Amino acid sequence: MAHQIDVDAWERKFKVVLLVLVVGTVLTVTASYLHLPPGLGIPVALAIAVAKGSFVVLYFMHLIDEKQLIYWLLGLAALFFFFELFIPMFTESSSFGG
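1. Topic: the overall build of the protein chain
Okay, step 1: Assigned secondary structure in the protein chain consists of four helices and zero strands.
Okay, step 2: For the protein chain, the sequential pattern of α-helices and β-strands runs α-α-α-α.
Okay, step 3: Buried positions account for 7% of the 98 residues belonging to the protein chain.
Okay, step 4: For the protein chain, the computed accessible surface area is about 8,300 Å², with 74% contributed by carbon and sulfur atoms.

Structure follows, in C-alpha coordinates:
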(Lines give C-alpha, C1' and ligand atoms only; values in the text may rest on other atoms or scores of the structure.)
Protein backbone atom coordinates (compact mmCIF):
# COMPACT_ATOMS: atom_id res chain seq x y z
CA MET A 1 0.00 0.00 0.00
CA ALA A 2 1.37 3.39 -1.00
CA HIS A 3 2.02 6.08 1.57
CA GLN A 4 -0.60 8.81 1.37
CA ILE A 5 0.53 12.42 1.56
CA ASP A 6 -1.84 15.14 2.73
CA VAL A 7 -1.14 17.70 0.02
CA ASP A 8 -3.45 20.29 1.56
CA ALA A 9 -1.57 20.17 4.87
CA TRP A 10 1.78 20.62 3.10
CA GLU A 11 0.36 23.48 1.08
CA ARG A 12 -0.86 25.21 4.27
CA LYS A 13 2.56 24.74 5.90
CA PHE A 14 4.39 26.27 2.96
CA LYS A 15 1.95 29.18 2.79
CA VAL A 16 2.64 29.90 6.47
CA VAL A 17 6.39 29.70 5.85
CA LEU A 18 6.02 32.03 2.87
CA LEU A 19 4.08 34.48 5.03
CA VAL A 20 6.75 34.33 7.76
CA LEU A 21 9.52 34.95 5.21
CA VAL A 22 7.66 37.88 3.65
CA VAL A 23 7.00 39.41 7.08
CA GLY A 24 10.65 38.84 8.02
CA THR A 25 11.78 40.59 4.84
CA VAL A 26 9.49 43.54 5.56
CA LEU A 27 10.91 43.69 9.11
CA THR A 28 14.45 43.64 7.75
CA VAL A 29 13.76 46.52 5.36
CA THR A 30 11.91 48.44 8.08
CA ALA A 31 14.78 47.96 10.52
CA SER A 32 17.24 49.28 7.93
CA TYR A 33 15.28 52.54 7.69
CA LEU A 34 15.23 53.03 11.47
CA HIS A 35 18.94 53.91 11.47
CA LEU A 36 19.54 52.08 14.74
CA PRO A 37 22.95 52.36 16.38
CA PRO A 38 25.25 49.43 15.47
CA GLY A 39 25.03 48.02 19.01
CA LEU A 40 21.29 47.56 18.54
CA GLY A 41 20.94 47.32 14.77
CA ILE A 42 23.25 44.36 14.31
CA PRO A 43 21.53 42.13 16.92
CA VAL A 44 18.10 43.06 15.49
CA ALA A 45 19.22 42.23 11.95
CA LEU A 46 20.80 38.96 13.10
CA ALA A 47 17.70 37.95 15.05
CA ILE A 48 15.51 38.50 11.99
CA ALA A 49 17.97 36.61 9.78
CA VAL A 50 18.19 33.69 12.22
CA ALA A 51 14.39 33.46 12.42
CA LYS A 52 14.05 33.47 8.64
CA GLY A 53 16.91 31.03 8.20
CA SER A 54 15.41 28.71 10.79
CA PHE A 55 12.15 28.51 8.88
CA VAL A 56 14.00 27.77 5.65
CA VAL A 57 16.10 25.06 7.28
CA LEU A 58 13.21 23.49 9.18
CA TYR A 59 10.66 23.43 6.38
CA PHE A 60 12.39 23.65 3.00
CA MET A 61 15.21 21.33 4.06
CA HIS A 62 12.70 19.16 5.96
CA LEU A 63 14.69 19.15 9.20
CA ILE A 64 11.44 19.52 11.15
CA ASP A 65 10.82 15.83 10.48
CA GLU A 66 14.34 14.63 11.29
CA LYS A 67 15.68 12.79 14.29
CA GLN A 68 17.11 14.35 17.44
CA LEU A 69 20.75 13.96 16.34
CA ILE A 70 20.18 16.50 13.56
CA TYR A 71 18.93 19.03 16.13
CA TRP A 72 21.98 18.49 18.31
CA LEU A 73 24.33 19.00 15.37
CA LEU A 74 22.41 22.07 14.20
CA GLY A 75 22.50 23.51 17.73
CA LEU A 76 26.22 22.87 18.02
CA ALA A 77 26.83 24.60 14.68
CA ALA A 78 24.71 27.57 15.82
CA LEU A 79 26.63 27.75 19.11
CA PHE A 80 29.98 27.93 17.32
CA PHE A 81 28.55 30.45 14.84
CA PHE A 82 27.42 32.79 17.61
CA PHE A 83 30.74 32.35 19.41
CA GLU A 84 32.52 33.50 16.25
CA LEU A 85 30.20 36.48 15.95
CA PHE A 86 31.24 37.78 19.36
CA ILE A 87 35.00 37.41 18.82
CA PRO A 88 35.30 40.99 17.44
CA MET A 89 33.67 42.34 20.62
CA PHE A 90 36.48 40.89 22.69
CA THR A 91 39.24 41.93 20.31
CA GLU A 92 37.99 45.48 19.75
CA SER A 93 39.69 46.70 22.90
CA SER A 94 42.96 44.94 22.07
CA SER A 95 46.26 46.69 21.41
CA PHE A 96 45.40 47.15 17.73
CA GLY A 97 42.91 49.91 18.51
CA GLY A 98 45.38 52.05 20.38
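More follows now that the structure is in view.
2. Here we look at unusual backbone geometry
Okay, step 1: Positive phi is not limited to glycine here, since histidine 35 has a value of about 50°.
Okay, step 2: Residue placement: histidine 35 occurs in the loop between α1 (7–33) and α2 (38–60).
Okay, step 3: The class of histidine 35 is exposed, set by a relative accessible area of 68%.

3. What to know about a nonpolar patch on the surface
Okay, step 1: Nonpolar side chains collect at one region of the surface, where Val50, Phe81, Phe82, Leu85, Phe86, Met89 and Phe90 lie side by side and expose about 670 Å² of accessible area between them.
Okay, step 2: Counting residues per element, the ones that place at least two in the nonpolar patch are α3 (68–85) and α4 (87–91).
Okay, step 3: Considering every element that reaches the nonpolar patch, the biggest residue donor is α3, with three residues.

4. So, the packing of aromatic side chains
Okay, step 1: Within the structure shown, the criterion is met by four aromatic pairs.
Okay, step 2: Ring geometry for phenylalanine 14 and phenylalanine 60: centres 5.4 Å apart, planes at 10°, overall stacked. Here phenylalanine 14 is found in helix α1, whereas its partner phenylalanine 60 is found in helix α2, with 46 residues between them in sequence.
Okay, step 3: Of the residues examined, phenylalanine 14 reaches a relative accessible area of 30% and is grouped as partly exposed.
Okay, step 4: With relative accessibility at 42%, the residue phenylalanine 60 sits in the partly exposed group.
Okay, step 5: Between the aromatic rings of phenylalanine 55 and tyrosine 59, the centroid separation amounts to 5.9 Å while the plane-to-plane angle is 20°, which identifies the pairing as stacked. Separated by four residues within a single helix, phenylalanine 55 and tyrosine 59 lie in helix α2, roughly one turn from each other.
Okay, step 6: Overall, the relative accessible area of 27% leaves phenylalanine 55 in the partly exposed class.

5. Digging into α1
Okay, step 1: For α1, with 27 residues, the first-to-last C-alpha span of 39 Å sits near the 39 Å given by 1.5 Å per residue.
Okay, step 2: Considered for burial, the residues of α1 that qualify are Val17, Leu21, Gly24 and Ala31.
Okay, step 3: As for α1, its buried residues are in contact with α2.
Okay, step 4: Where α1 ends, the next residue or the one after it, histidine 35, has phi of about 50°, a positive value.

Reading the values: rules and limits
- Residues numbered from 1 in each chain as written.
- Predicted model: local features only at pLDDT ≥ 70, side-chain atom pairs only at ≥ 80, totals over all residues.
- Heavy atoms only, no water.
- Helix = DSSP H or I, 4+ residues; strand = E, 2+ residues; numbered from the N terminus.
- Buried < 20%, exposed > 50% of the residue type's maximum accessible area, 1.4 Å probe, protein only.
- Areas by Shrake-Rupley, 256 points an atom, 1.4 Å probe, with all protein chains shown as cover.
- Patch = residues over 30% accessible without salt bridge, like charges linked within 9 Å, V, L, I, M, F, W, Y side chains within 5 Å.
- Salt bridge = Lys/Arg side-chain N within 4 Å of Asp/Glu carboxyl O.
- Phe/Tyr/Trp six-rings, centres within 6.5 Å; stacked < 30°, edge-to-face > 60°.
- Expected span 1.5 Å × (residues − 1).
- Contact = heavy atoms within 4.5 Å.

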